[in-house]
Amino acid sequence: MDTAAVTDFISQTRSRLDAAPQMDEQTTKLRIINPLIELLGWNPTTTDVEPEYPLQIATQTYHVDYALLIGDTPAVFLEAKSARTTINQDHVRQLGSYVHNESAIDWGLLTNGRTYVLVSTIGADDWQVIDRFDLDGLEHRPNRMTVVSHSTIGSGKSATIARQTAATTQAVDQLETNTDEIAAEVATVLEEILPENLPIDITEQTTAFLEDLAGTLEEQQSSIDPEPVQEPPPAL
């Protein structure tokens, strides 16, 4: 995805949310979701996008807000909420259930224009949240939705990115949540093998290292490029 296009989408979305923070769902779809679909590489005015996609689960029929198709096959489910709705775990579980029950689908995206949640069945027995972010997070890492772009899905590279994203997200969460505990354990090991009376605080240094490691993982995640530049063939 083009970084400039993502930046433009963020700017326009912020302006629209500031101008009408209580948008209902239909207005949110018109002003934010349709531009988002275009950003991802689908044309909402063509048969590539099927609104109110019917999905049979057991004996009941549900309707997914959007199915994004590759050819005639649905590839991504997109569920939209109004800008005034706070996305909660029930909304996430609903999308996860939709994705899990449609065999052709590996990906789902849930958004109200403010919050974005990516779910996938790849690497999971059922489904899992791959990423969750807001517009600030998207601005920090503009490629966060590349995994559900038309070009990435069509190239077949989304599974690799999903596994990398899930692993990185889990690692960063563990490092940030358990920094003190991990630092204490590592410091204990180091104190057993290093000389005494060193002029540094080993626990403090270990904590700083873990924080740097989490930052490096996030930077590596943001640099994943599903469409690397192709080098020209060597001249004959």
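Everything numeric here is computed off the predicted structure, so don't read it as measured data.

Novice: Would you take a moment to explain the overall build of the protein for this structure?
Specialist: Each helix and strand in the protein was counted, giving eight helices and six strands. Along the protein, helices (α) and strands (β) appear in the sequence α-α-β-β-β-α-β-β-β-α-α-α-α-α when read from the amino end. Out of the 236 residues belonging to the protein, those deemed buried represent 41%. Counting only contacts in the protein whose residues sit at least 6 apart along the sequence, the fraction spanning at least 24 positions is 55%. Surface exposure of the protein reaches about 12,900 Å², of which carbon and sulfur atoms provide 48%.

Novice: Would you explain a negative patch on the surface in this entry?
Specialist: On the surface, Glu191, Glu192, Asp201 and Glu204 cluster together into a patch of negative charge. Its location among the elements puts Glu191 in helix 7 (residues 179-193).

Novice: Help me out: how do you make sense of the sheet that holds strand 1 (residues 49-57) in this one?
Specialist: Read from one edge to the other, the open sheet built from six strands follows the order 1-2-3-4-5-6, with strand pairing classed as mixed. Sheet topology places strand 1 and strand 6 (128-134) at the edges, where each strand pairs with a single neighbour. When the angles between neighbouring strand axes are averaged without regard to direction, this sheet yields 30 degrees. Relative to strand 6, strand 5 (residues 115-120) is paired through six bridges, and the arrangement is antiparallel. Bridge assignment links Leu118 to a residue of strand 6, and that residue is Asp131.

Novice: Even after reading the chapter, I still don't get the environment of Ile153, so can you show me in this structure?
Specialist: Inspection of the secondary structure puts Ile153 in helix 5 (residues 150-155). Here the alpha-carbon distance between Ile153 and Trp107, two residues 46 residues apart in the chain, equals 9.4 Å.

Novice: How do you make sense of the nonpolar core when you look at a structure like this?
Specialist: Note on soluble globular proteins: their nonpolar side chains tend to be buried together. In this structure, Leu36 and Met145 are the most contacted members of the largest nonpolar core, which totals 34 residues. Elements that contribute at least two residues to this core include exactly helix 1 (3-19), helix 2 (25-39), strand 2 (60-70), strand 3 (73-80), strand 4 (107-111), strand 5, strand 6 and helix 4 (135-140). No other element matches the five residues that helix 2 contributes to this core. In contact with Met145, not counting residues within four places along its chain, are Met1, Leu36, Leu39, Leu40, Leu109, Tyr116, Phe133 and Leu138. With 16 residues, the next largest nonpolar core counts Tyr53, Ala67, Leu95 and Leu110 among its residues.

Novice: Which parts of the structure should I look at to understand the confidence of the model for the protein?
Specialist: Detail in the predicted coordinates should be disregarded across regions flagged by low pLDDT. Averaged over all residues, the pLDDT of the protein is 87; the fraction at 70 or higher stands at 88%. Predicted confidence is poor over residues 226-236, with pLDDT under 50, and the contacts of this stretch with residues over four places away or in other chains come to eight contacts.

Novice: Looking at this model, I keep getting lost on the pairing of strand 5. Mind explaining?
Specialist: The side chains of a regular strand alternate between the sheet's two faces. A large share of strand 5 lies buried, amounting to six of its six residues. A two-sided burial pattern is seen for strand 5, the buried positions comprising Thr115, Val117 and Val119 on one face and Tyr116, Leu118 and Ser120 on the other. Note that strand 4 and strand 5 share five bridges and pair antiparallel. Residue Thr111 lies in a different strand from strand 5, and its bridge partner there is Tyr116. Where strand 4 hands over to strand 5, the hairpin turn is made up of three residues, of which Gly113 adopts a positive phi near 90 degrees.

What counts, and at which threshold
- Positions within a chain are numbered from 1, following the residues in the order the chain's sequence is written.
- Predicted model: local features are reported for residues with pLDDT of at least 70 only, side-chain atom pairs are reported and counted for 80 or more only, and whole-chain, interface and lining totals are derived from all residues.
- The basis for every side-chain value is the complete set of heavy atoms in the structure, and neither hydrogens nor water enter the calculation.
- Comment: elements are numbered from the N terminus, with helices defined as DSSP H or I runs of at least four residues and strands as E runs of at least two.
- Only protein chains enter the accessibility calculation, which uses a 1.4 Å probe; a residue is then buried when its area is under 20% of its type maximum, exposed when over 50%, and partly exposed in between.
- Throughout, a residue-residue contact means that at least one pair of heavy atoms, one from each residue, lies within 4.5 Å.
- Surface accessibility in these figures is a Shrake-Rupley result with a 1.4 Å probe; residues are shielded only by whichever protein chains are displayed.
- Within the patch definition used here, like charges are joined within 9 Å and nonpolar side chains (Val, Leu, Ile, Met, Phe, Trp, Tyr) within 5 Å, considering only residues with over 30% relative accessible area and no salt bridge.
- Each reported salt bridge corresponds to a side-chain nitrogen of Lys or Arg within 4 Å of a carboxyl oxygen of Asp or Glu.
- Charge convention: Lys and Arg are scored as positive, Asp and Glu as negative, and His as well as the terminal groups of each chain are ignored.
- By convention, the point assigned to a charge is CZ for Arg, NZ for Lys, CD for Glu and CG for Asp.
- We call two strands paired when DSSP finds no fewer than two bridges between them.
- In this description, a line fitted to the C-alpha atoms serves as the axis of each element, helices being fitted only across the stretch in contact, and the angle between N-to-C directions of two axes falls anywhere from 0 to 180 degrees.
- Here, the term nonpolar core denotes a set of buried Ala, Val, Leu, Ile, Met, Phe, Trp, Tyr and Cys residues that are joined through side-chain atoms within 4.5 Å.
- Every residue is assigned a pLDDT by the predictor, reflecting its confidence on a scale from 0 to 100.

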